[in-house]
There are 4 protein chains.
Amino acid sequence: MIKVGIVGGTGYTGVELLRLLALHPEVELTAITSRSEAGLAVSALYPNLRGHVDIAFTEPSTQVLSACDVVFFATPNGIAMQQVPELLAAGVRVIDLAADFRIQDAQEWSRWYGVTHSCPELLAEAVYGLPEVNREAIKNARLVANPGCYPTAVQLGFLPLIKAGLIDADTLIADAKSGASGAGRKAEIGTLMAEAGESFKAYGSGGHRHLPEIKQGLTDAAGAPVGLTFVPHLLPMIRGIHATLYGRLIKPAGDLQALFEAAYANEPFVDVMPAGSHPETRSVRGGNMCRMAVVQPQGGDTVVVLSVIDNLVKGAAGQAVQNMNLMFGLDERAGLSIIGLLP
Amino acid sequence: MIKVGIVGGTGYTGVELLRLLALHPEVELTAITSRSEAGLAVSALYPNLRGHVDIAFTEPSTQVLSACDVVFFATPNGIAMQQVPELLAAGVRVIDLAADFRIQDAQEWSRWYGVTHSCPELLAEAVYGLPEVNREAIKNARLVANPGCYPTAVQLGFLPLIKAGLIDADTLIADAKSGASGAGRKAEIGTLMAEAGESFKAYGSGGHRHLPEIKQGLTDAAGAPVGLTFVPHLLPMIRGIHATLYGRLIKPAGDLQALFEAAYANEPFVDVMPAGSHPETRSVRGGNMCRMAVVQPQGGDTVVVLSVIDNLVKGAAGQAVQNMNLMFGLDERAGLSIIGLLP
Amino acid sequence: MIKVGIVGGTGYTGVELLRLLALHPEVELTAITSRSEAGLAVSALYPNLRGHVDIAFTEPSTQVLSACDVVFFATPNGIAMQQVPELLAAGVRVIDLAADFRIQDAQEWSRWYGVTHSCPELLAEAVYGLPEVNREAIKNARLVANPGCYPTAVQLGFLPLIKAGLIDADTLIADAKSGASGAGRKAEIGTLMAEAGESFKAYGSGGHRHLPEIKQGLTDAAGAPVGLTFVPHLLPMIRGIHATLYGRLIKPAGDLQALFEAAYANEPFVDVMPAGSHPETRSVRGGNMCRMAVVQPQGGDTVVVLSVIDNLVKGAAGQAVQNMNLMFGLDERAGLSIIGLLP
Amino acid sequence: MIKVGIVGGTGYTGVELLRLLALHPEVELTAITSRSEAGLAVSALYPNLRGHVDIAFTEPSTQVLSACDVVFFATPNGIAMQQVPELLAAGVRVIDLAADFRIQDAQEWSRWYGVTHSCPELLAEAVYGLPEVNREAIKNARLVANPGCYPTAVQLGFLPLIKAGLIDADTLIADAKSGASGAGRKAEIGTLMAEAGESFKAYGSGGHRHLPEIKQGLTDAAGAPVGLTFVPHLLPMIRGIHATLYGRLIKPAGDLQALFEAAYANEPFVDVMPAGSHPETRSVRGGNMCRMAVVQPQGGDTVVVLSVIDNLVKGAAGQAVQNMNLMFGLDERAGLSIIGLLP
């Protein structure tokens with residue numbers, strides 16, 4: 001059994017990790033820390049876990065965490081980087097669900113996150129935890145940077161086109177929509193039911209923190225810097241991301257459906273739907289799947305990819321468990337056989 | 001492995017049965033019938049099942065169904081009663097998720113359902129599939145009448161009070177609220193998003209079909225006819241029932257919390273929350289749990305029970321699987337270890 | 001033109017007052033104060049008001065407010081009582097949308113609101129602003145206590161039955177459901193979209209601040225103390241209250257429909273629907289109507305009243321404008337001819 | 001007073017016309033027809049209209065409609081074209097809210113709508129009712145083709161850029177999202193609450209009927225055929241369209257904010273928000289406004305316009321009333337001074 005610790009378990013990615021890990025056949029949940037809720041039974045905060053998770057939140061303690069085989073950080077940005085070096089030194093492997101190790105350029109990271117990186121020397125070692133791209137590196141990683149939610153949906157959708165050199169990598173457009181849980185469990189007016197319900201808007205169109213992360217991944221795939229316009233929007237619902245991706249063809253498209261099916265033929269958590277399909281976010285609700293379709297409207301020069309994930313699962317906790325499975329030599333699908341909750 | 005057939009698998013209870021049975025460790029899904037969708041892959045109608053359910057809908061056929069160990073009817077009311085006798089004769093056990101065998105009095109049934117019962121001789125044999133009441137009888141049943149969604153939430157909430165003789169059984173009030181999936185997957189104006197969303201109303205206050213079912217169950221428990229005012233309401237959401245139950249104390253209440261905890265101490269799928277709790281429907285979303293709390297406001301003469309279920313799980317497909325587990329000697333919880341999807 | 005000031009205009013009752021007053025033919029909006037947003041254009045906070053409201057928030061100032069004919073307090077509880085005496089002394093009339101003057105017994109008020117009342121001597125003078133009960137007194141009032149949202153829907157529903165002496169006033173039950181805007185525009189986790197959406201729960205079942213307010217009003221009508229069980233619930237939607245009211249008949253019911261129609265025959269903002277109707281909250285969305293229906297299920301001893309309002313309009317800002325109209329001798333309906341936004 | 005008739009008043013555009021016309025100071029509602037609901041009081045179908053609309057649905061009758069000054073068709077596509085010639089001959093002016101007269105090329109129309117046009121000779125005369133483009137022509141029109149909802153939001157957003165020749169008109173992208181009321185009040189499974197709620201998807205990406213309408217309007221503005229990729233999506237809410245528009249700059253952008261503000265400086269129903277704003281659909285809920293913002297992310301080559309409307313108001317009934325006001329020499333804003341319902 002893998003001994004697992006979670007730092008910062010009171011947010012949505014934390015409770016989602018607990019939902020997945022509590023039923024994972026190879027995991028023993030050893031510790032879950034929260035400074036604000038220390039002493040409280042986890043199931044008192046999250047009644048859905050009653051009968052499944054019996055432990056209480058504890059004060060963050062390096063000693064307790066050092067006894068774990070792996071520690072997940074489900075903390076706000078900027079916390080993990082302060083504790084990771086010590087844990088790695090103690091032989092603990094780490095999966096950070098926040099952004100601390102996602103951007104390889106420390107200065108770029110600081111520009112977007114507003115603080116200086118406290119352990120830039122680890123950035124080169126950290127493996128970006130998108131298994132469809134970095135599976136082998138993840139297996140041996142000590143430190144995995146779990147991708148952001150938007151970056152997961154957007155990169156998986158663009159990658160087959162970019163690798164095939166079919167589209168102009170300088171004029172990519174990602175029109176992305178996320179449910180309100182993406183904003184986290186924070187007391188803020190903007191995501192109140194009475195603010196975010198029954199309404200729709202774009203936000204962060206001037207520049208969103210996931211922009212450099214997506215560009216970094218696509219640049220790696222393209223072999224040259226890409227140009228991306230990324231506009232996120234807030235959906236009046238709880239879970240789900242839908243990325244609508246637009247690329248300009250620079251070669252004859254050929255059989256796009258076959259291209260996508262081949263690209264993901266062996267991927268357990270990417271599902272290319274039949275031609276003409278429109279994936280719905282609910283089809284992946286609660287599950288670790290990225291479901292997508294590719295369209296060439298009116299046979300024109302623009303290719304459209306529709307890519308959906310559950311932002312808390314394939315966009316966060318589920319992908320983190322997938323990474324853990326890889327790191328510990330388990331079946332990549334262990335604990336992740338979940339069918340989307342529809343309706 | 002238990003060979004399972006499903007009749008009428010295109011509705012919400014059908015897809016929910018598929019979600020649960022596809023991951024059930026002891027089940028082999030043998031056939032799923034639909035007159036309207038015969039030939040269509042199940043996963044084409046329900047993309048969440050892609051990769052988990054590989055079979056197609058078939059024409060209803062007694063021959064195919066007769067090869068099953070158990071057949072679930074997820075059909076509209078009035079269909080199962082026409083096919084059940086033949087299947088029972090062929091040695092197949094049956095769980096009916098519709099209402100055909102829930103009311104033991106055939107005339108009463110006809111009054112509420114508008115047709116004559118086609119096999120009233122089976123009503124006495126049919127076991128009402130509420131495991132918390134009829135566990136032993138279910139184990140040996142050939143034919144189980146799976147309870148309605150409202151009746152499950154309401155009966156489980158009232159039963160400890162009625163069995164203890166604490167409340168006036170003649171003035172029971174059940175103010176119940178259901179998500180829109182309770183209306184089924186039918187093309188109707190009343191449950192359109194633009195009709196049922198962002199609004200709330202009562203319906204059927206003059207008399208709802210679940211009224212006689214609830215009264216029958218509570219009458220059995222009380223040992224005398226009960227009086228019940230039952231007002232259902234439509235919630236602007238998809239899944240979940242919340243029953244708010246009111247009873248007039250006719251004796252000193254004593255320790256109500258202890259009464260409820262004792263009543264359900266050994267029940268795997270009833271969870272009595274700590275005193276002062278308010279169960280949320282989302283805490284049971286997708287799971288087979290009935291979660292409840294009991295309150296005595298201002299220490300007065302009125303007891304209030306708050307009881308929540310997922311109408312498609314403990315209120316339909318999950319309870320049906322729980323019944324199947326009992327009928328076939330499996331662990332009652334097999335295939336039902338699901339944590340509610342929160343948020 | 002009536003010169004109007006609003007204190008505390010950044011919350012939902014504030015913006016709703018602005019929506020109504022901006023189009024009111026007899027009103028000149030003179031000042032709107034907010035300590036936190038002073039200097040900000042109102043329409044910068046509420047873009048729906050762009051082109052309709054041109055003023056900015058100002059610091060609260062007795063001098064500015066004293067130049068008004070009437071001042072609305074849309075502040076948290078406990079603020080108005082500190083400023084009202086000074087304004088009354090300056091000849092300004094006041095309508096308080098908070099709870100400071102709703103309870104006539106200062107000690108009872110303190111018990112529920114947790115602070116000592118700072119001007120108990122005004123409680124006797126304050127008129128409870130439910131026009132259907134106190135129309136004449138409101139016309140001459142200097143100080144109107146605008147009713148709470150739940151109390152409006154519950155009292156209007158119960159009053160015809162209680163005045164007629166038809167029901168046992170000692171065992172009243174009010175099962176009430178409110179949209180999330182009732183919690184106000186406050187940064188709190190409990191009413192986040194991801195917490196309150198797609199779920200339903202009761203809250204405050206042990207005792208809610210609107211309980212003494214409702215009991216006070218019904219006691220006045222009954223001529224003797226009433227007993228009330230009041231259970232509020234949170235709906236996964238933004239606007240609307242639905243109160244489902246239960247009373248035990250102590251006399252033959254007679255023609256309940258006629259009783260209700262007669263009770264409200266001359267009321268511009270109470271609409272008794274035809275027998276057999278189920279009012280929907282959306283039918284009053286954005287409008288000042290209280291719409292209701294009365295039912296006697298199965299002809300039994302329990303009467304059920306279904307009563308809906310928009311909590312921000314008839315339950316707050318609309319009723320406040322209705323009171324202002326009465327106080328200033330205008331047509332009671334001025335500025336309130338609004339058709340509910342359906343769908 | 002203008003005598004107004006409505007054909008097909010049972011759908012959402014019909015009830016929305018009634019909401020607006022019932023309070024319009026210059027309108028006398030003469031007739032509203034519905035074959036299916038003839039004889040039923042309008043307010044029995046739409047209780048929000050109780051007390052405001054007293055007439056009943058009548059059988060469609062040329063005689064009755066001929067007595068009107070103007071007739072609105074709120075019918076399914078293909079109905080108006082059968083009745084319009086007779087009404088025009090009788091001197092009645094017509095505003096068609098369906099698509100029958102929107103496309104000037106009859107063959108193109110037939111390709112998208114699947115039937116032969118029955119009065120192609122009227123297509124040249126019909127005026128496309130987008131006041132911001134065709135105000136003068138609308139004033140004198142006998143027959144106005146009221147624009148579609150998506151086309152209104154998309155064209156108003158693109159027009160300033162196209163007229164200024166700033167963007168490549170051959171690679172336009174419109175990523176548009178609509179609430180479920182856009183699908184109309186039809187008994188269909190796809191827009192059930194349990195299907196469309198809490199989920200998000202694209203649809204019609206292969207080709208949507210609003211595509212040729214948008215292209216026609218933008219082609220007129222550009223003076224040459226435009227290329228447009230149009231992907232509509234279904235939002236889990238009731239009212240509102242948000243169009244996110246992408247254009248490739250072919251010249252230095254200059255001051256985009258000033259360009260947009262100048263373009264719509266005199267328009268009563270287009271509101272250009274300050275730089276950096278993100279319009280929310282709720283800010284126009286129930287109102288006739290198109291609210292927009294323009295962004296140039298990272299100062300790059302892609303311009304983004306965010307354009308929101310209420311699909312039932314500026315996208316349908318409100319724009320129709322605006323057109324009526326123009327046709328009859330009224331203040332263009334008559335009956336349309338409505339503040340968006342927020343929250």
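Residues numbered from 1 in each chain as written. Chains lettered and ligands numbered in written order. Predicted model: local features only at pLDDT ≥ 70, side-chain atom pairs only at ≥ 80, totals over all residues. Heavy atoms only, no water.

Considerations on the overall build of chain A
- Each helix and strand counted, chain A has eleven helices and 13 strands in total.
- C-alpha atoms of chain A, sized along the principal axes, occupy 60 × 45 × 40 Å.
- Sequence-distant contacts, at least 24 apart, represent 71% of the contacts inside chain A between residues at least 6 apart.
- Per element, the accessible surface of chain A, about 10,700 Å² overall, is 49% carbon and sulfur.
- Averaging the locations of the 25 positively and 33 negatively charged side chains of chain A gives two centres separated by 2 Å. (Helix = DSSP H or I, 4+ residues; strand = E, 2+ residues; numbered from the N terminus. Contact = heavy atoms within 4.5 Å. Areas by Shrake-Rupley, 256 points an atom, 1.4 Å probe, with all protein chains shown as cover. Lys, Arg positive; Asp, Glu negative; His and termini not counted. Charge placed at Lys NZ, Arg CZ, Asp CG, Glu CD.)

Details of the relation of the copies chain D and chain A
- Mapping chain D onto chain A calls for a screw motion: a turn of 180 degrees about the axis and a shift of 0.0 Å along it, with 0.0 Å RMSD after fitting. Such values leave the two copies arranged in the relation of a two-fold axis. Considering only C-alpha atoms, the part of chain D nearest the rotation axis is D:P236, at 3.3 Å.
- Both copies share a contact surface, since 100% of the interface residues of chain D are interface residues in chain A too. (Least-squares fit on C-alpha atoms with pLDDT ≥ 70 in both.)

Topic: the pattern of salt bridges
- Per the counting criterion, the structure on display carries 76 salt bridges over all chains.
- The salt bridge partner of B:R239 is B:E16, with a shortest N-O separation of 2.8 Å. Pair noted here: B:R239 is in the loop between β9 (228-234) and β10 (241-248) and B:E16 is in helix α1 (residues 12-21), with a separation of 223 residues, a long-range link. Pair check on accessibility: B:R239 and B:E16 agree, each one buried.
- In the salt-bridge network here, residues are joined through shared partners; they are A:E16, A:R19, A:R239 and A:D310. (Salt bridge = Lys/Arg side-chain N within 4 Å of Asp/Glu carboxyl O. Buried < 20%, exposed > 50% of the residue type's maximum accessible area, 1.4 Å probe, protein only.)

A word on unusual backbone geometry
- Residue C:P343 is reached from C:L342 by a cis peptide bond, and omega for that bond is 0 degrees.
- Structurally, the position occupied by C:P343 is in the segment after α11 (313-327).
- If you check the backbone angles, A:E198 has positive phi at about 50 degrees while not being a glycine.
- Take A:E198: it is sitting in the loop between α8 (193-196) and β8 (201-202).
- Judged by its relative accessible area of 10%, A:E198 is buried.
- Despite not being glycine, B:Q298 shows a phi value in the positive range, around 55 degrees.

Topic: the sheet that holds strand β2 (residues 27-33) of chain C
Residue and element names in this part refer to chain C.
- Strand order in the open sheet formed by six strands is β2-β1-β3-β4-β6-β5, and the pairing between neighbours is parallel. Looking along the sheet, the strands with just one partner apiece sit at the ends: β2 and β5 (127-128).
- Relative to strand β3 (residues 70-73), strand β1 (residues 2-7) runs parallel, the two being bridged by four bridges. The residue of β3 that forms the bridge with I6 is F72. (Pairing = 2+ DSSP bridges.)

A short note on the side chain of C:D271
- Note that C:D271 resides in strand β11 (residues 270-272).
- Beyond its immediate sequence surroundings of up to four residues, C:D271 is in contact with C:M289, C:C290, C:R291, C:M292 and D:R50.

A look at the packing of aromatic side chains
Residue and element names in this part refer to chain A.
- Applying the stated criterion across every chain, the model contains eight aromatic pairs over all chains.
- For the pair Y150 and F230, a centre-to-centre distance of 5.3 Å together with 75 degrees between the ring planes defines the contact as edge-to-face. Of the two residues, Y150 is situated in helix α7 (residues 149-163) and F230 in strand β9 (residues 228-234); the sequence distance between them amounts to 80 residues. The pair Y150 / F230 is uniform in exposure class, with both members buried.
- The ring of F328 is capped by R93, whose NZ or CZ atom sits 5.1 Å from the centre of that ring. (Phe/Tyr/Trp six-rings, centres within 6.5 Å; stacked < 30°, edge-to-face > 60°. Lys NZ or Arg CZ within 6 Å of the ring centre and 35° of its normal.)

A look at the nonpolar core
Residue and element names in this part refer to chain D.
- Formed by 49 residues in total, the largest nonpolar core has its most connected members in V4, L17, L21, F72, I95 and M324.
- Among the elements of the structure, β1 (2-7), α1 (12-22), β2 (27-33), α2 (42-45), β3 (70-73) and α11 (313-327) are those that each provide at least two residues to this core.
- Sort the elements by how many residues they give to this core and α11 lands first, with seven residues.
- Every residue in contact with I95, bar those within four places of it in the chain, is listed here: V70, V71, F72, F73, V144, N146, A320, N323, M324 and M327. (Core = buried A, V, L, I, M, F, W, Y, C linked by side-chain atoms within 4.5 Å.)

Side note on the interface of chain A and chain C
- At the junction of the two partners, chain A supplies 20 residues and chain C supplies 20 residues.
- Regarding the contact of chain A and chain C, the summed buried area is about 1,600 Å², with carbon and sulfur atoms giving 72% of it.
- Seen at the junction of chain A and chain C, the total is two salt bridges.
- Here chain A and chain C share four residue pairs in polar contact (both at pLDDT 80 or more) between them.
- Here the side of chain A that touches chain C takes four residues from α8(A), the largest share from any one element. (Buried area = accessible area lost by both parts, 1.4 Å probe. Polar contact = N/O pair within 3.5 Å; in protein donor to acceptor, adjacent residues only side chain to side chain.)

With respect to the domain arrangement of chain A
Residue and element names in this part refer to chain A.
- Annotation of chain A at the domain level lists domain 1 (2-125) and domain 2 (150-311).
- Centre-to-centre separation of domain 1 and domain 2, based on C-alpha positions: 27 Å.
- Counting residues at the interface gives 14 residues for domain 1 and 13 residues for domain 2.
- Around 1,200 Å² of area is buried between domain 1 and domain 2 when both sides are counted, 51% of it from carbon and sulfur atoms.
- Joining domain 1 to domain 2, the criterion identifies two salt bridges.
- For R102, the salt bridge is made with E213, and the minimal N-O distance between the two is 3.4 Å.
- Seen at the junction of domain 1 and domain 2, the total is seven residue pairs in polar contact (both at pLDDT 80 or more).
- Listed by contribution, the elements that provide at least two residues to the side of domain 1 that touches domain 2 are α1 (12-22) and α5 (106-113).
- Residues of the side of domain 1 that touches domain 2, tallied by class, amount to six nonpolar, four polar and four charged. (Domains from an automatic or database assignment. Nonpolar A, V, L, I, M, F, W, Y, C, P; charged D, E, K, R; others polar.)

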